[in-house]
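# Descriptive structure summary
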Amino acid sequence: MQISTLLLILSLIVLGAYYLGLRRSLQVAGRPGKRKHTLHSLPSYYGLLAALWSGIPAALIIVFWVAAQNTVITRLVVDALPPEYIASVGADELTLVINDIKNLASGNIISGQSGPMMQAAAERYLHLQSISRLALAMVVIALAIAGMAVIWWRITPGLRARNQVEAIIKAALILCSTIAILTTIGIVLSVLFESIRFFKMVPFTEFAFGLDWSPQIAIRADQQASSGAFGVIPLFAGTLLISTIAMIVAVPIGLMSAIYLSEYADKKVRAIAKPLLEVLAGIPTVVYGVFAALTVAPFVRESGEWIGLSVASESALAAGLVMGIMIIPFISSLSDDVINSVPQSLRDGAYGLGATRSETIKQVVIPAALPGIVGGILLAVSRAIGETMIVVMAAGLAANLTANPLEAVTTVTVQIVTLLVGDQEFDSAKTLAAFALGLLLFIVTLCLNVIALHVVRRYREQYE
Amino acid sequence: METLAVNEAALEALDQTVEITADEMDKPEFKFDKTVGSIHSENPRMVMRNVNVHYGEKQAIHDVSLDIGANEVIAMIGPSGCGKSTFLRCMNRMNDTIENCTVSGDIKLDDVNIYDKKQDVVTLRARVGMVFQKPNPFPKSIYENVAYGPRIHGLAGSKAQLDEIVRNSLERAGLWSEVKDRLDAPGTSLSGGQQQRLCIARTIAVSPEVILMDEPCSALDPIATAKIEELIDELRQNFTIAIVTHSMQQAARVSQRTAYFHLGYLVEVGETSNLFTNPSHKLTEDYITGRFG
């Protein structure tokens, strides 16, 4: 039986369980009008309880079965192969053979010779698979019906069905939130393990404090530029430079437009200007990248030449300017929300003392909104550091260690992209460096977020 | 589509019923002729004549005329939505901050029309201070809350002078002994009653001539309310006070004159003792005997 058919049958049983639970509860309570007992919960809760009891264990069994089935069957097939044969092929080759058996079973092309032994193994594989499916179907259906039956017997007017259903739903909610946390942990661990492999090849101190970045590894011994250098400082300097330029552009413009929109603009202007500003947030960063590379970068170079400065055709300034524009809606939108949530009574209080509008904004509204504004800005910084497309297209690849915004620099994200694009072998220091960079980037943004939370909390204690 | 149509019909029906009740309120039960009692004061500080306030199309205040005498406390009472707060907010032009609110008529402070184009709203509000319904201390320290007004109006020449103003205002608001050791604590760390007295201290720190109070005790417990009422009585020596209140007992306790508002009209005004014991207008009587409101 296919899994999809099984799921369909299971859902029918669950529906039936719901209906039966509902009926049963009404039955034990007696007919309407002359009820013998009062039910503890609404009838639908008894139905739900029956449905959950019949559905959840069965669904869990399906999940575990499907997860374990492949390993178990493969194990059984391998055990049935002649021991001399297994001894003659190595562990690496054995996985290849197993692959061939599976391919043979599903009728695909195989890489090796298909002898009678392989045929037998493939047949055995198919046979075990069909047994497994049948067994699963029987177990699942039996479990679903058993769950339903247990509840059928347990339904009495005193059964606290609502409390039990709510407990199960609460557990489901906890499970959902755990998934998000587990995913984060999984990402961190996978990056961490690859990074550890990298740090076995390149010492951590060289990576963290090296001033030189050129991740070329020789494929042949006689190749030029055979020694790779993995000093991360130039990359972080580049990231920092571009993010700083972006924030210098975005913070004043974003904050001031937020103040204008929330305090000065009348309703009509606000209704048009706010969505227009937020359109900026909807533009894909690739498009920003094109804009930066084809419009802003040449403009910066030409105006630099005009005043007698030499500007690289891919400059940190161009990338930073465009990234700043991209970030404006983040800051303006978040700050606007925060400023709007400052209670009108505070403004009234200031106006009532004879404060002017600008005094009220500067001395009462902004201080009250500051925790939110700072939080928004730090969020925008995280975003700037992690931004990739604009810098890939506009900032260049040259890992210059410079504070001059007119030169080409490169960032951590750009290097991760270039290291992993195309066919790569995943055991060279060059590709593994990408994971180490990713880990470092993650740690930096994590620290920023922690600081942001801390700052917000401190200000909140002071101001609320 | 069909349900939508039904809903619209239901809404229309609702609208109509609302209109009918409004008509009934206006016509058979409530015929406004003219304000009963004397609107005049012997020694008027603020003089208001034929004040009308509109919020867009809706008229909130109809032709109200009233004097507020120097060093008196005048209480404004009436059922919710009767326009008493709107009227109060006209007196220091707080209505300016509300969109499409228009005020017409004469409002004079010491014989100067405060709605005159030449009148600077900032100096007006320094002369006519306001205390609000909910305590609204700024997100600053206690000291900074009180010092804020004197600072923006440049009332203190030195730090010592500013300290003096802060101390003096807090003392007059009856808060000094409670906060003198923690002037740097945030104003919001105080209790509700203390916060409201802080707001009063903040208002008197700019030495206004008139203080407007918009239900200053509605968010407070009875003990804090009693303290504020005592304070209002003391403040009367130096200030002219107009207070909007929902509590008739409070109006009777703190005020010398009382004005009763109904649906945007000033129905009756008179000596507090007189108005509460011997109301002239039927509506006033109904309200103070608790038949509605």
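Structure report, in brief.

Criteria and thresholds
Residues numbered from 1 in each chain as written. Chains lettered and ligands numbered in written order. Predicted model: local features only at pLDDT ≥ 70, side-chain atom pairs only at ≥ 80, totals over all residues. Heavy atoms only, no water. Helix = DSSP H or I, 4+ residues; strand = E, 2+ residues; numbered from the N terminus. Rg over C-alpha atoms; globule rule 2.2 N^0.38 Å. Buried < 20%, exposed > 50% of the residue type's maximum accessible area, 1.4 Å probe, protein only. Contact = heavy atoms within 4.5 Å. Areas by Shrake-Rupley, 256 points an atom, 1.4 Å probe, with all protein chains shown as cover. Lys, Arg positive; Asp, Glu negative; His and termini not counted. Charge placed at Lys NZ, Arg CZ, Asp CG, Glu CD. Polar contact = N/O pair within 3.5 Å; in protein donor to acceptor, adjacent residues only side chain to side chain. Buried area = accessible area lost by both parts, 1.4 Å probe. Salt bridge = Lys/Arg side-chain N within 4 Å of Asp/Glu carboxyl O. Disulfide = S-S within 2.5 Å. Pairing = 2+ DSSP bridges. Axes fitted to C-alpha atoms, helices over the stretch in contact; angles between N-to-C directions. Left-handed = near helix turned anticlockwise from the far one by under 90°. Nonpolar A, V, L, I, M, F, W, Y, C, P; charged D, E, K, R; others polar. Core = buried A, V, L, I, M, F, W, Y, C linked by side-chain atoms within 4.5 Å. Phe/Tyr/Trp six-rings, centres within 6.5 Å; stacked < 30°, edge-to-face > 60°.

Along the backbone of chain A there are 16 helices and 2 strands. Scaling as 2.2 N^0.38, a compact globule of 464 residues should have a C-alpha radius of gyration of about 23 Å, whereas chain A reaches 32 Å, well beyond that. A principal-axis box enclosing the C-alpha atoms of chain A has dimensions of 85 × 85 × 35 Å. A burial count over chain A gives 40% of its 464 residues as buried. Within chain A, contacts between residues at least 6 apart in sequence are counted, and of these 73% link residues at least 24 apart. Only carbon and sulfur atoms are counted for the fraction: they give 68% of the accessible area of chain A, which is about 25,000 Å². Computed over 30 positive and 28 negative side-chain charges, the separation of the two mean positions in chain A equals 22 Å.

All names here are of chain A. Inspection of the secondary structure assignment puts alanine 146 in helix α5 (residues 116-154). On the basis of relative accessibility, which here comes to 38%, the residue alanine 146 falls in the partly exposed class. The spatial distance from the C-alpha of alanine 146 to the C-alpha of phenylalanine 207 is 60 Å, given a sequence separation of 61 residues.

Before going further, it helps to examine the side chain of B:Gln196. Residue and element names in this part refer to chain B. Among the secondary structure elements, glutamine 196 is positioned in helix α7 (residues 192-204). Assessed through its relative accessible area of 0%, glutamine 196 is described here as buried. Separated by 2.8 Å, the side chain of glutamine 196 and the backbone oxygen of proline 216 make a polar contact. Every residue in contact with glutamine 196, bar those within four places of it in the chain, is listed here: Val131, Phe132, Gln133, Lys134, Pro135, Pro216, Leu220 and Ile228.

Opposite the 20 residues of chain A that make contact, chain B presents 26 residues. Across the interface of chain A and chain B, roughly 1,800 Å² is buried in total on both sides, 61% from carbon and sulfur atoms. The largest contributions to the chain A side of the interface with chain B come from A:Asp348, A:Gly352 and A:Leu353, which together make up 31% of the buried area. Connecting chain A to chain B are 1 salt bridge. Seen at the junction of chain A and chain B, the total is 5 residue pairs in polar contact (both at pLDDT 80 or more). At 7 residues, helix α12 (residues 344-352) of chain A tops the list of elements feeding residues into the side of chain A that touches chain B.

This part covers the state of the cysteines. Residue and element names in this part refer to chain B. Per the counting criterion, the structure on display carries 0 disulfides over all chains. Of all cysteine sulfurs, the one in cysteine 90 lies closest to cysteine 101, which takes part in no disulfide; the gap is 6.5 Å. Note on cysteine 101: relative accessible area 15%, which makes it buried.

Moving on: the environment of B:Lys34. With respect to the helices and strands, the residue B:Lys34 is situated in the loop between α1 (2-29) and β1 (44-55). Remark: the alpha-carbon pair of B:Lys34 and B:Tyr265, spanning 231 residues in sequence, is separated by 8.9 Å.

All names here are of chain B. Here proline 79 is to be found in the loop between β3 (73-77) and α2 (84-90). For proline 79, a relative accessible area of 13% gives the class buried. Along the backbone, proline 79 and glycine 129 are 50 residues apart, and their C-alpha atoms lie at a distance of 24 Å.

A few words on the side chain of B:Glu72. Residues and elements named next belong to chain B. Inspection of the secondary structure puts glutamate 72 in the loop between β2 (58-69) and β3. Within the structure, the side chain of glutamate 72 is placed 3.0 Å from the backbone nitrogen of glycine 69, a separation counted as a polar contact. A polar contact is formed between the side chain of glutamate 72 and the side chain of arginine 257, at a distance of 2.8 Å. Discounting residues that sit within four places of it in the chain, glutamate 72 has contacts with Ser41, Asp67, Arg236, Thr240, Ile241, Gln256 and Arg257.

Turning our attention to the pairing of strand β6 (residues 128-131) of chain B. Residue and element names in this part refer to chain B. Alternating residues of β6 divide into Val128 and Met130 and Gly129 and Val131, and every residue in both groups is buried. As judged from the 4 bridges shared by β6 and strand β7 (residues 210-214), these two strands associate in the parallel manner. Paired with methionine 130 across the bridge in β7 is leucine 212.

Moving on, we come to the sheet that holds β6(B). Residues and elements named next belong to chain B. With mixed pairing, the 6 strands of this open sheet are ordered in space as β6-β7-β8-β3-β9-β10. In the strand order of this sheet, the two ends are held by β6 and β10 (265-271), each with one partner. Neighbouring strand axes in the sheet, compared pairwise and without regard to direction, differ in orientation by 20 degrees on average. As defined by bridge partners, strand β9 (residues 257-262) adjoins β10 across 6 bridges and the pair is classed as antiparallel. In the strand pairing of β10, alanine 259 is matched with valine 269. Where helix α8 (residues 222-235) meets the sheet, it contacts β3, β7 and β8 (240-244), and its direction lies at approximately 150 degrees from that of β8.

What follows concerns the packing of helix α8 (residues 233-264) of chain A against helix α13 (residues 357-386) of chain A. Residue and element names in this part refer to chain A. In the contact formed by α8 and α13, the axes pass within 10 Å of each other and the chain directions differ by 145 degrees. Pair α8 / α13 crosses with right-handed handedness. Along the contact surface, α8 presents Thr239, Ser243, Met247, Val251, Leu255, Ile259, Glu263 and Tyr264, while α13 presents Arg357, Ser358, Ile361, Val365, Ile366, Ile373, Ile377, Ala380, Val381, Ala384 and Ile385. Among the residues making up the contact of α8 with α13, the classes are represented as 14 nonpolar, 3 polar and 2 charged.

Proteins that are soluble and globular tend to have nonpolar side chains buried together. Residues A:Phe198, A:Ile242, A:Met323, A:Ile327, A:Ile331, A:Ile339 and A:Leu437 are the most contacted members of the largest nonpolar core, which totals 78 residues. Grouped together as the second largest cluster of nonpolar side chains are 43 residues, B:Ala173, B:Leu175, B:Val179 and B:Met213 included.

Residue and element names in this part refer to chain B. Phi at aspartate 111 takes a positive value of approximately 70 degrees, unusual for a residue other than glycine. Turning to its location among the elements, aspartate 111 is positioned in the loop between β4 (101-109) and β5 (112-113). Positive phi is not limited to glycine here, since serine 207 has a value of about 40 degrees.

As a further point, take the packing of aromatic side chains. A complete count under the given rule lists 9 aromatic pairs over all chains for this structure. Here A:Trp213 and A:Phe230 contribute two aromatic rings whose centre-to-centre distance is 5.8 Å and whose plane-to-plane angle is 85 degrees, an arrangement assigned as edge-to-face. Taken together, the positions of A:Trp213 in strand β1 (residues 213-214) and A:Phe230 in strand β2 (residues 229-230) put the pair 17 residues apart, joining distant regions of the chain. Both residues of the pair, A:Trp213 and A:Phe230, belong to the buried class. Ring centres of B:Phe87 and B:Phe261 lie 5.4 Å apart, and the angle between their planes is 45 degrees; on these two criteria the pair is classed as tilted.

Residue and element names in this part refer to chain B. Of all the 5 residues making up β8, 5 are buried; the element is thus mostly covered by neighbouring parts of the structure. Alternating residues of β8 divide into Thr240, Ala242 and Val244 and Ile241 and Ile243, and every residue in both groups is buried. For β3 and β8, the ladder comprises 4 bridges, and the chain directions are parallel. By the bridge assignment, valine 73 is partnered in β8 with isoleucine 241. Pairing geometry for β7 and β8, over 5 bridges, is parallel. Each bridged residue has a counterpart across the sheet, and for isoleucine 211 the counterpart in β8 is isoleucine 241.

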